[in-house]
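Residue-level structure breakdown
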Amino acid sequence: MTLTTYIREIPKAELHIHIEGSLEPELMFEIAERNRVVLPFSCVDEVRKAYNFTDLQSFLTIYYQGMMVLQKERDFFDLTLAYLKKAHTDGVRHVEIFFDPQGHTERGIAFETVISGIHAALQGGEQRFGITSRLIMCFLRHLSPESAMTTLNCALPFRKWITAVGLDSSEKGNPPAKFATVFDRARAEGLLSVAHAGEEGPPDYIWQALDLLGAARIDHGVRCVEDSRLVERLRTGHVPLTVCPLSNIKLRVFPTLGEHNLKHMLDMGLCVTVNSDDPAYFGGYLVDNFQAVQEALNLDRNAIRTLAENSFRASFLTKKEKRGYLEELDRFCLSKG
Ligand code: HPA
Ligand code: ZN
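Some remarks on the coordination of the zinc ion (ligand 2)
Protein coordination at the zinc ion (ligand 2) comes from His 16 (NE2), His 18 (NE2), His 196 (NE2) and Asp 277 (OD), with a distance range of 2.0 to 2.2 Å. Taken together, the four donor atoms surrounding the zinc ion (ligand 2) define angles of 82 to 173° at the centre, an arrangement classified as irregular.

Overview of the packing of aromatic side chains
The full count for this structure, using the stated rule, is 15 aromatic pairs. Between Tyr 6 and Phe 332, the aromatic rings sit 5.5 Å apart at their centres with planes inclined by 45°, giving tilted as the arrangement. Separated by 326 residues along the polypeptide, Tyr 6 in helix 1 (residues 3-9) and Phe 332 in helix 17 (residues 319-336) bring together distant segments of the chain. A relative accessible area of 2% means that Tyr 6 is categorised as buried. Relative accessible area serves as the criterion here: at 9%, Phe 332 is assigned to the buried category. Considering the side-chain rings of Phe 53 and Phe 282, the 6.2 Å spacing of their centres and the 90° angle between planes classify their relative orientation as edge-to-face. Separated by 229 residues along the polypeptide, Phe 53 in the loop between helix 3 (44-49) and helix 4 (56-66) and Phe 282 in helix 14 (residues 279-282) bring together distant segments of the chain. Residue Phe 53 is classed as buried on the basis of its relative accessible area of 4%. On the accessibility criterion, Phe 282 (2% relative accessible area) is buried. Feature note: the residues Tyr 51, Phe 53, Phe 59, Tyr 63, Tyr 64, Tyr 281 and Phe 282 constitute an aromatic cluster, connected by ring pairs.

Quick look at unusual backbone geometry
You will see that Arg 36, though not glycine, has its phi angle at about 55°, which is positive. Assignment of secondary structure puts Arg 36 in the loop between helix 2 (25-34) and helix 3. A residue is classified by how much of its surface remains accessible, and Arg 36, at 76% relative accessible area, is exposed. Positive phi outside glycine occurs at Arg 252, with the angle close to 60°. Looking at where Arg 252 falls in the secondary structure, it is placed in the loop between helix 12 (245-250) and helix 13 (262-267).

Considerations on the pairing of strand 6 (residues 217-220)
As defined by bridge partners, strand 5 (residues 192-197) adjoins strand 6 across four bridges and the pair is classed as parallel. The residue of strand 6 that forms the bridge with His 196 is Asp 219. With two bridges connecting them, strand 6 and strand 7 (residues 241-243) associate as parallel partners. Bridging across to strand 7, Ile 218 finds its partner in Leu 241. You can see the chain leave strand 6, run along helix 11 (residues 228-236) and come back into strand 7, and the turn it takes is right-handed.

As for the nonpolar core
Of all hydrophobic cores here, the largest spans 111 residues; its most connected members are Ile 218, Leu 234 and Tyr 281. Per element, the largest residue contribution to this core is seven residues, and it comes from helix 7 (residues 111-129). The next biggest cluster of nonpolar side chains, apart from the first, holds six residues, and it includes Ile 136, Cys 138, Ala 164 and Phe 316.

Thoughts on the packing of helix 5 (residues 73-89) against helix 7
One way to put it is that helix 5 packs onto helix 7 with a least axis distance of 7 Å and a crossing angle of 35°. Pair helix 5 / helix 7 crosses with right-handed handedness. Contacts from Glu 73, Phe 76, Phe 77, Thr 80, Leu 81, Leu 84, Lys 85 and His 88 of helix 5 reach helix 7 at Thr 113, Val 114, Ser 116, Gly 117, Ile 118, Ala 120, Ala 121, Leu 122, Gly 125, Arg 128 and Phe 129. Of the residues in the contact of helix 5 with helix 7, the class split is 10 nonpolar, six polar and three charged.

Structural notes on the pairing of strand 1 (residues 12-18)
Within strand 1, seven of the seven residues are buried, which leaves it mostly tucked inside the rest of the structure. Across five bridges, the pairing between strand 1 and strand 2 (residues 92-99) is parallel. Bridge pairing in strand 2 places Ile 17 opposite Ile 97.

The rules behind each value
- Residues numbered from 1 in each chain as written.
- Chains lettered and ligands numbered in written order.
- Predicted model: local features only at pLDDT ≥ 70, side-chain atom pairs only at ≥ 80, totals over all residues.
- Heavy atoms only, no water.
- Donors = N, O, S within 2.8 Å, 3.2 Å for Na, K, Ca; no water.
- Tetrahedral: all angles 85-135°; square planar, octahedral: opposite > 155°, others 65-115°.
- Phe/Tyr/Trp six-rings, centres within 6.5 Å; stacked < 30°, edge-to-face > 60°.
- Helix = DSSP H or I, 4+ residues; strand = E, 2+ residues; numbered from the N terminus.
- Buried < 20%, exposed > 50% of the residue type's maximum accessible area, 1.4 Å probe, protein only.
- Pairing = 2+ DSSP bridges.
- Right-handed = clockwise from strand over helix to strand, strands pointing away.
- Core = buried A, V, L, I, M, F, W, Y, C linked by side-chain atoms within 4.5 Å.
- Axes fitted to C-alpha atoms, helices over the stretch in contact; angles between N-to-C directions.
- Left-handed = near helix turned anticlockwise from the far one by under 90°.
- Contact = heavy atoms within 4.5 Å.
- Nonpolar A, V, L, I, M, F, W, Y, C, P; charged D, E, K, R; others polar.

Pasting the structure below:
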């Protein structure tokens, strides 16, 4: 079996995917047409050409614009099911999906519309593809903590469909500390927590995510290497990092994939996972990310296996579910490895 096939077929989980970031231009046009939304682009190619980013903010502006076509429950359903279909062909067995309710409620779309569409597709995806899932509700950190609290209150009637809260959007100037109160409240409701930190922001934001938000995982976290005490905390505390290689190149967190620190972090004993972040915008889904990073950093099968194993260990699955997937992974590696 070639390494390419090994990467595609090895059972794995994806833990860092913004569902709105999986909106392909083709589906964007289709949904825009049926909702009678006029896009500022004349064709799919023109949209793709606009995807030239210089940093996180330059991406976020386009990302919030793109999601404006999503208005009906069916739109959120179609978006989520399209992602699951792709994930299935990538050998993904379990997904933990972020959604950004404020990107929709701010434009007058009801919270219920958003979550009902996503939830129905996740259930359909489990039936059709056997892909298990968890849903993570993110707060937009460029908005106020009061807006985050309002969002949490809107979410409580759907508490059973949500596993964790997260924190995303413009990192610089919006430290995790700003959201300590709303995360306390979410955790009091029994929700787990994660946070984007150390993508563009300093290591101190990772400390804050751990100590003030109780984050069980750090999304991105690549700047942890600037603080050796922090690396020790992440390593001994087994705090997973959900790293997104192609995203980091598109948003210029690293100049090239060859200079990415993923392998270095693995070698230091950190629980690193590979993820796609916003695949429709960054030029690749999960397998594309594995493939690209394997080639750039010359990862061997053992490293690929570790990354796949980490993805299940780092997930919010139950112990029993994790054991099931890890056994499936063992069987795969025994027969194909
Ligand atoms: N970082 C912060 N916010 C985001 C991202 C990201 O990579 N993707 C979508 N929202
Ligand atoms: Zn992200």
